[in-house]
Amino acid sequence: MATLELIGLTKRFGNFTAVDNMSLKADDGEMIALLGGSGCGKTTTLRMIAGFAEPTEGRILVDGADVAKIPPYKRNIGIFFQNYALFPHMTVFENVAFGLKLQKLKKPEIAQRVADILSLVKLTGLDERYPRELSGGQQQRVALARALVTRPHILLLDEPLSNLDAKLRIEMQVEIKRIQKGLGITTIIVTHDHEEAVSLADRVIVMHEGKIQQIGSPNEIFERPCSAFVADFMGFSTFIQGTIGPAEGEMRPVTCSGKLLYVPGGAAEGIAPGSPVTLAIRSENLQLVEEEGENTLSGVISAVTYKGTTTRLEVTGCVAETVCPAVNEYTQRQLGEPVLVHIPAQRICVYKNV
Amino acid sequence: MREKRVNIFSTIVAVLVMLFLIAPLVVIVIASFTPTAVVVFPPKGFSLKWYENIFSSSTHFMEGLANSLKIGLLATLLDILLGVTAALSVCRHDFKGKNALLNYFTSPMYVPSVAFAFVLLQVYSQIGGVPGALRIFIGHFIIILPYIVRNTVSVLHVFNWTLEDAATSLGANPVQVFFKITIPVARPGIVAGALLAFLYSFDEVALSSLLSTPKFITLPIRIMNYMELTFDPTLAAISTFLIAGSLVLIVLMDKFVGLDMFVK
Amino acid sequence: MRKKQAFLLALPAVLALTVFFLIPMLYILIKTLVANGLSDFIRFFTDPFYLDILWTTVRVSLVSTLVSLLLGYPTAYYMARTQSRMKKVMMVIILFPFLVSAVVRSYGWMVILGKNGLLNQLLLGLGLIQKPLSILNTETAVIIGMIHLLIPYMILSLVGVLQSIDPNVEYAAYSLGAGPAETFCKVIFPLSLPGIISGCVMVFTMSMTSYVTPKLLGGSKFRMMATMVVQEINVSFDWGAASAISYILLAVILLIQVLVVLSTAGTMKRLGGGKNA
């Protein structure tokens, strides 16, 4: 129901810059994830949008209008807090109705809106319970309902799934997406979990030390992180150091611990021959093969971790670093077994070392 | 089934201590019904005459009660205002010197009431013309303030401040947040503190005895004066009254706020 | 903006305390020192009469504190760990005297300990003694009354700390081979030390400044610091002596607090309790 724009948003605490010149534009109805580790500035950005912190520089525009002068209780922004922040002394009904009562709506309308939103989050019938009588998942839905019932322009979600167990998390991912798309509300999610970001958002913004590292679709960030840092954050597990050579046709060779790996020329654009580089590959993209070939390394299994859907192996001895392929089935591979690991060139991300 | 974690020794000592704590009170209650002027055990009969005597004007107990209640209630109300704002200032906000400020708020606790009373006495003599009720009121509201501050702080210490942010995001202005969210959630601490403060004022003797004037005397002092003149079971009767009052208060506390507030 | 809010919130209490507490205390202190110098303090410390009172006060306080600790610790231990439904009742029994005036409690002990009191009647009746014991109006009576007053504070302080000890810590000790006695000495007791210290400090302070209990149970010949101050003011009209005693008492209390703070650097430390002793 509204667009959100941040222009050059900066927040400094004395000498420390928490948010550094952040600019982004969220379209109407878009869900954007701010992804980063603790201290990256994502929560500070959220607080500035909500009005709990004043920007040192920069502007925040909701539907084109600057909100700087508007106090937080007039901004009509729905917030979901990581610890839910449900009012312990009020029932579920009273919690959800709180914002509506402040808007001075009439009782019948309040009752109707509360009933509607509770049915949307599938909590009908729990009106009279107190937060302490609810399970974690139920509390979370009340918090979501409370944030949405006032029909805010913008929805801010602070680590919405972090307190849930695995099963509930999957359930809520689907629910949040469904509700958000159904209501068409512009949403910003703040999270440190790349899976959460990728599964929920239309666009992902990776942050580090107050600055934006990369903006892109979940798929782009997931497959083509723009730096070794982002790759690491997105769960790339194998990083190999090497020196890149000049182009040989469409590919370029990289010498890693004496072995040769080929990467597509496009992946290493602009990197001069002779530069030290880091190669990054996702576990799932590494393959175990039977025969030697191009981009195949031979090594020995040093660890086997069965995870149910995949088995994660650690292979040493091929290059200086540990290579970590993941295999899709229960494998009988043992410790100490020799293996051949194939690294598909198209899947390799190349980063120049700084 | 949880294992028993207590040994016999502790159990026995605990029981003995409980008996020790209860003993004088039980004795008083029984003594209040004795017909004889000197307390004899077992009491030879049953009489309510000492209770009747409480109301007689020669004891001044009713007048003393009124005075004690007036001071206690007014001092407590004022201190709720002063103490809650003080507690909020140090709990919700973070600033250098926060701990020093908190210590300042609770500093009257560390000054013996006789010392403070004496200081006030000298100040009053210098100023002159300070009415008895006011003399005592000033002393009381200062010395009971730490109770309210301390108990409110202990509740606010574990207060989830994001509740205030949540209310703000839903449209509540700072005043609304304060009255609809902050105060209700902090209420147990405030009530416990207010109760302790009131009782401390009500039972206070040292300061009151130094600062009272012939026209304004509080109940505990009246009781002590009576003790010096006539040591009869009227004292037991008024004591039983006060004991009953305390019992009612503790039951009310438990109902509304729970007794865990005291275990801090 | 937040700083301003904090300032405004703190203002009423700060003003009230400064005007009605801090300024009077400082003013009188300076006035006394200017007018009389240190003569009253010297008088206090050179007159065996006063020194005796100081020593009596300290002695009574130490004994009361120690006994309260020895009796209070097992009681608190029991309260903190019992599963019994009686816990609520016991809580009431401990808290309840807490809420009853010191005057009433002392009166109760007067009835029990007096020459014609319950205790003597009982002992005479059982033939255990020939003449009534004269306990009332002695230091013993004061100590008994003091302990009665102070034990609830000690128990509450200890229960708080004992309840906060994670039970798993004990199970861990057992699993590593420590028996109940060893676990208590090496694990529980050390962890409860903060509560012991704060309880003892609180109780000692209350006893040092107590007025009602020594006055009613000690008789006219028994003097502790607080009762002496009142006596000097109302009976002897020796305000100089009263001043000296007051400030010395205050100094002792503050000294103890400073020592405790220095030795247990805590942040929002638990603060000591009431003073109607």
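Reading the values: the criteria
Residues numbered from 1 in each chain as written. Chains lettered and ligands numbered in written order. Predicted model: local features only at pLDDT ≥ 70, side-chain atom pairs only at ≥ 80, totals over all residues. Helix = DSSP H or I, 4+ residues; strand = E, 2+ residues; numbered from the N terminus. Contact = placed C-beta atoms within 7 Å. Buried ≥ 20, exposed ≤ 12 C-beta atoms within 10 Å, placed from the backbone. Axes fitted to C-alpha atoms, helices over the stretch in contact; angles between N-to-C directions. Parallel < 35°, antiparallel > 145°, perpendicular 65-115°, else oblique. Left-handed = near helix turned anticlockwise from the far one by under 90°. Domains from an automatic or database assignment. Nonpolar A, V, L, I, M, F, W, Y, C, P; charged D, E, K, R; others polar. Pairing = 2+ DSSP bridges. pLDDT = per-residue confidence, 0-100.

**Q** Would you mind going over the overall build of chain A with me for this structure?
**A** Regarding its fold elements, chain A presents eight helices and 20 strands. Expressed along its principal axes, the backbone C-alpha trace of chain A runs to roughly 75 × 45 × 35 Å. Considering only intrachain contacts with a sequence separation of at least 6, the fraction spanning at least 24 residues in chain A is 65%.

**Q** I tried to follow the overall build of chain C on my own but got confused; where do I start?
**A** When its secondary structure is counted, chain C shows twelve helices and zero strands. Going from N to C terminus, chain C has its helices and strands arranged as α-α-α-α-α-α-α-α-α-α-α-α. Each of the 277 residues in chain C was classed as buried or not, and the buried ones make up 45%. When contacts within chain C are restricted to residue pairs at least 6 apart in sequence, long-range pairs at least 24 apart make up 76% of them.

**Q** Would you take a moment to explain the packing of helix α6 (residues 132-156) of chain B against helix α8 (residues 174-203) of chain B for this structure?
**A** Two quantities define a packed helix pair, namely the angle between the helix axes and the distance between the axes. Residue and element names in this part refer to chain B. Relative orientation of the contacting elements α6 and α8 amounts to 155 degrees, with a least axis distance of 8 Å. Our classification of the angle between α6 and α8 gives roughly antiparallel. Seen from above, α6 lies across α8 with right-handed handedness. The segment α6 lies against α8, with His140, Ile144, Tyr147, Ile148, Arg150, Asn151, Thr152, Ser154, Val155 and Leu156 engaging Ala186, Pro188, Gly189, Ile190, Ala192, Gly193, Ala194, Leu196, Ala197, Tyr200 and Ser201.

**Q** I tried to follow the domain arrangement of chain A on my own but got confused; where do I start?
**A** As a measure of interface size, the accessible area lost when the parts come together is often cited. All names here are of chain A. Per the domain assignment, the segments of chain A are domain 1 (4-230) and domain 2 (236-352). On a C-alpha basis, the centres of domain 1 and domain 2 stand 38 Å from each other. With four residues of domain 1 at the interface, the matching set in domain 2 holds five residues. Per-class residue counts for the side of domain 1 that touches domain 2 are two nonpolar, one polar and one charged.

**Q** Help me understand the sheet that holds strand β6 (residues 77-80) of chain A, please; the structure alone is not making it clear to me.
**A** Two modes of strand pairing occur in sheets, parallel and antiparallel, and in both the strands are linked by backbone hydrogen bonds. Residue and element names in this part refer to chain A. Sheet architecture is open: six strands sit in the order β6-β7-β8-β3-β9-β10, paired in mixed fashion. Here the strands that pair on one side only, and so sit at the sheet edges, are β6 and β10 (211-216). Along the sheet, successive strands turn relative to each other by an average axial angle of 20 degrees, direction set aside. Note: β6 against strand β7 (residues 154-158), four bridges, orientation parallel. Pairing of Phe80 across the sheet is with Leu157, part of β7.

**Q** Which parts of the structure should I look at to understand the environment of Ile240 of chain A?
**A** Residue and element names in this part refer to chain A. Position of Ile240 relative to the elements: it lies in strand β11 (residues 238-244). For Ile240, a count of 23 C-beta atoms within 10 Å gives the class buried. With residues near it in sequence (within four places) discarded, Ile240 still touches Cys256, Leu279, Val319 and Glu321.

**Q** Even after reading the chapter, I still don't get helix α7 (residues 162-169) of chain B, so can you show me in this structure?
**A** Given 3.6 residues per turn, any residue in an α-helix points the same way as the ones three and four places further on. All names here are of chain B. The buried fraction of α7 amounts to six of the eight residues, a majority that puts the element mostly inside the structure. Buried residues of α7: Leu163, Glu164, Ala166, Ala167, Thr168 and Ser169, and no others. Gly171, located one to two residues past α7, shows a positive phi value of around 110 degrees.

**Q** Help me understand the pairing of strand β9 (residues 203-208) of chain A, please; the structure alone is not making it clear to me.
**A** Consecutive side chains along a regular strand alternate between the two faces of the sheet. All names here are of chain A. Where strand β3 (residues 31-35) meets β9, four bridges bridge the pair, whose relative direction is parallel. Opposite Leu35, over in β9, you have Val206 as the bridge partner. Looking at chain direction, β9 and β10 are connected through five bridges and run antiparallel. The residue bridging Ile205 from the neighbouring strand is Ile215, located in β10.

**Q** Teacher, can you tell me more about the interface of chain A and chain B here?
**A** Contact residues are listed per partner, giving 17 residues for chain A and 16 residues for chain B. Of all the secondary structure elements, the ones that give two or more residues to the side of chain A that touches chain B are β6 and α2 (92-102) of chain A. When the residues that make up the side of chain A that touches chain B are grouped by side-chain class, the tally is twelve nonpolar, five polar and no charged.

**Q** Help me out: how do you make sense of the sheet that holds strand β4 (residues 57-62) of chain A in this one?
**A** Sheet architecture is open: four strands sit in the order β2-β1-β4-β5 (chain A), paired in antiparallel fashion. The open sheet has two free edges, formed respectively by β2 (16-26) and β5 (65-66) of chain A, since each of these has just one partner strand.

**Q** Help me understand the interface of chain B and chain C in this model?
**A** Contacts between the two partners involve 74 residues from chain B, matched on the other side by 75 residues from chain C. It is helix α1 (residues 8-31) of chain B that contributes the most residues to the side of chain B that touches chain C, 15 residues altogether. Residue classes in the side of chain B that touches chain C are distributed as 55 nonpolar, 13 polar and six charged.

**Q** Is there a simple way to think about the confidence of the model for chain C in this case?
**A** Low-pLDDT portions of the prediction should not be read for the details of their coordinates. All names here are of chain C. Per-chain confidence: chain C averages 85 in pLDDT, with 94% of residues scoring 70 or above. Low pLDDT (under 50) marks residues 266-277, which in the prediction has 32 contacts with non-local residues, meaning those over four places away or in another chain. Model confidence for the complex: the whole-complex pTM is 0.80, and ipTM, which rates the interface, is 0.87.

**Q** Teacher, can you tell me more about the environment of Ser237 of chain A here?
**A** Residue and element names in this part refer to chain A. Its location among the elements puts Ser237 in the loop between α8 (228-233) and β11. Each C-alpha atom, one on Ser237 and one on Ala147, is 37 Å from the other, the two residues being 90 residues apart in sequence. Discounting chain neighbours no more than four positions away, the residues touching Ser237 are Ser283 and Cys324.

**Q** I keep staring at the packing of helix α3 (residues 48-81) of chain C against helix α7 (residues 139-163) of chain C and nothing clicks. Help me out?
**A** All names here are of chain C. Following both chains from N to C, one finds α3 and α7 inclined at 40 degrees, their axes separated by 6 Å at the closest point. Classed by the angle they form, the pair α3 and α7 counts as oblique. As α3 runs across α7, the sense of the crossing is right-handed. Its residues placed into classes, the contact of α3 with α7 shows 21 nonpolar, five polar and one charged.

**Q** Please clarify how the pairing of β2 of chain A should be interpreted in this entry.
**A** All names here are of chain A. By the bridge criterion, seven bridges tie strand β1 (residues 4-13) to β2 in an arrangement that is antiparallel. Looking at the pairing, Leu9 lines up with Met22 of β2. Between the antiparallel neighbours β1 and β2 lie two residues, among them Gly14 with a positive phi of about 65 degrees.

**Q** Looking at this model, I keep getting lost on the environment of Leu235 of chain B. Mind explaining?
**A** For Leu235 of chain B, the location among the structural elements is in helix α11 (residues 234-256). Separated by twelve residues in the primary sequence, Leu235 of chain B and Ile223 of chain B place their C-alpha atoms 7.0 Å from one another. With near-sequence residues (within four places) excluded, Leu235 of chain B lies in contact with Ile223, Tyr226 and Met227 of chain B together with Tyr107 of chain C.

**Q** Looking at this structure, I do not really get unusual backbone geometry. What am I missing?
**A** Where the residue is not glycine, phi is negative for most of them; where a peptide bond is considered, it is trans in most cases. All names here are of chain A. Phi at Ala85 takes a positive value of approximately 50 degrees, unusual for a residue other than glycine. By the secondary structure assignment, Ala85 is in the loop between β6 and α2. Phi at Glu209 is positive, roughly 50 degrees, even though this residue is not glycine. The class of Glu209 is partly exposed, set by 15 C-beta atoms lying within 10 Å.

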